Amino acid sequence: RQADWVRRLVRESVLTPADLIWSMVVHEGEGEVPVASMPGVSRLSVDQCAQAAVEARKLGIPAIAIFPHIDGAKKDAAGSLAAAPNGVVCRAVKAMKDAAPEVGIMCDVALDPFTDHGHDGIIEGDKIANDATIERLVEQALVQARAGCDILAPSDMMDGRCGKLREALEAEGLQDVMIMSYAAKFASAFYGPYRDAIGSGKLGTAGPADKKTYQMDSANTEEALREVALDIAEGADMVMVKPGMPYLDIVSRVVREFNMPTFAFQVSGEYAMIMAAAQNGWIDEERAILESLGAFKRAGAAGIITYFAPRAARMLGA
Ligand code: PBG
């Protein structure tokens, strides 16, 4: 390990801009609105998302994952706006595809940005109704696909949603749209800043107090593998593990067992931890960013969804 040249020569995994999916938040207003709990991340206007897509192309970042911030007054219990053909997600998708058609666009399929109670699905009684939720997700996904989205990414964790999405895409002549399922998504404290970023409704106002009835128990590995197997059988083209760094063992197991393109989501809380420590002078920010992203490659991930994408791409010399 004495010289850089030999370290490079024997390196087993390499991080490049082509491994990154840029996680981005769009809002309905003008200009950018900084997210307090995520220094360096802002909600962007539709126009700014289009500019960001051009930037992604320049930096060699293959894809962008878009998440919406919705005005609280427009939310309801059913998350009705999720399937609005002219909603902010669809407008952003069109603007980004117009500006940089070479960049892949991925949309989140879940109701939580649009529900006033903050859950990913419809509430019936005191539960999240699995099948009723899937019907709404299919409507949402078709609207996103028609707007030009390349990858649908269901993050809701309802059972059977990948199969229903695949069926609906085929029936509508949208068979080329891909599905990247949030196959092993754990109920996690690390989503905290995201809920701030998208202005999520406060959990517990209706329905369960948390998302543990549909997101996975953080103690489980075998169940994660069963979840991944189901989504692949239902037609997922790619799978994801989320959160990222605390779940590298799951990433590694999924890669070994299924040999599918497997992605990891370096979530908002992971971003916030690195930035908070760096801003306190407790860790070296740039080294921590690249080391954390490189760890996903070592674990075998095909790529990483991350808020650091543009910065990391620049550091990698794009
Ligand atoms: C919800 C969703 C969440 C994230 C992406 N989609 C949060 C949740 O499950 O409550 C989290 C992303 C992040 O923390 O960066 N469908």
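The structure under discussion appears in the preceding block.
Residues numbered from 1 in each chain as written. Predicted model: local features only at pLDDT ≥ 70, side-chain atom pairs only at ≥ 80, totals over all residues. Heavy atoms only, no water.

1. Let's talk about the packing of helix H9 (residues 268-279) against helix H10 (residues 285-298)
Describing two packed helices takes the angle between their axes plus the distance from one axis to the other.
(1) Moving on: Packing of H9 against H10 brings their axes to within 9 Å, and their N-to-C directions diverge by 155°. With respect to each other, H9 and H10 are oriented roughly antiparallel. As for the relative orientation of H9 and H10, their crossing is right-handed in sense. On H10, the residues touching Glu 270, Ile 274, Met 275 and Ala 278 of H9 are Glu 285, Ala 288, Ile 289, Ser 292 and Phe 296. (Axes fitted to C-alpha atoms, helices over the stretch in contact; angles between N-to-C directions. Helix = DSSP H or I, 4+ residues; strand = E, 2+ residues; numbered from the N terminus. Parallel < 35°, antiparallel > 145°, perpendicular 65-115°, else oblique. Left-handed = near helix turned anticlockwise from the far one by under 90°. Contact = heavy atoms within 4.5 Å.)

2. Quick word on helix H7 (residues 222-233)
Owing to its 3.6 residues per turn, the α-helix aligns residues three or four sequence positions apart on the same side.
(1) Moving on: The end-to-end C-alpha separation of H7 is 17 Å, in line with the 16 Å expected for 12 residues at 1.5 Å each.
(2) Moving on: Every buried residue of H7 is listed here: Ala 224, Leu 225, Glu 227, Val 228 and Asp 231. For H7, the angular spread of buried residues about the axis comes to 160°, placing them on one side. Residues Arg 226 and Ala 233 are exposed on H7 and point more than 90 degrees away from its buried face.
(3) Moving on: In the core, the buried residues of H7 are packed alongside helix H5 (161-171), strand S9 (178-185), strand S10 (238-242) and helix H8 (248-258). (Expected span 1.5 Å × (residues − 1). Buried < 20%, exposed > 50% of the residue type's maximum accessible area, 1.4 Å probe, protein only. Arc of directions from axis to C-beta.)

3. Focus: the pairing of strand S11 (residues 262-266)
(1) Moving on: By the criterion of burial, S11 is predominantly enclosed, with five of the five residues buried.
(2) Moving on: With burial as the criterion, each face of S11 is covered, one bearing Thr 262, Ala 264 and Gln 266 and the other bearing Phe 263 and Phe 265.
(3) Moving on: Note that S10 and S11 share three bridges and pair parallel. Looking at S11, one finds that Met 240 is bridged to Phe 263.
(4) Moving on: Handedness of the β-α-β unit built from S10, H8 and S11 comes out right-handed. (Pairing = 2+ DSSP bridges. Right-handed = clockwise from strand over helix to strand, strands pointing away.)

4. Brief notes about empty space enclosed by the protein
(1) Moving on: Scanning all chains against the criterion turns up four cavities of 30 Å³ or more.
(2) Moving on: What lines the largest cavity is a set of 13 residues, and nearest its centre among them are Asp 112, Lys 185, Tyr 194, Lys 211 and Lys 242.
(3) Moving on: Elements supplying a minimum of two residues to the lining of the largest cavity: S9 and helix H6 (192-197).
(4) Moving on: For the lining of the largest cavity, the residue count by class is four nonpolar, two polar and seven charged.
(5) Moving on: There is about 60 Å³ of room inside the second largest cavity.
(6) Moving on: The wall of the second largest cavity is formed by Ile 70, Leu 81, Ala 82, Ala 84, Gly 87, Val 88, Val 89, Cys 90, Phe 114, Gln 140, Val 143 and Gln 144. (1 Å grid on protein atoms, 1.4 Å probe; cavity = no way out; pocket = protein on both sides within 12 Å on 5 of 7 lines; lining within 4 Å. Points joined across faces, edges and corners; volume = space filled by probe spheres on them. Nonpolar A, V, L, I, M, F, W, Y, C, P; charged D, E, K, R; others polar.)

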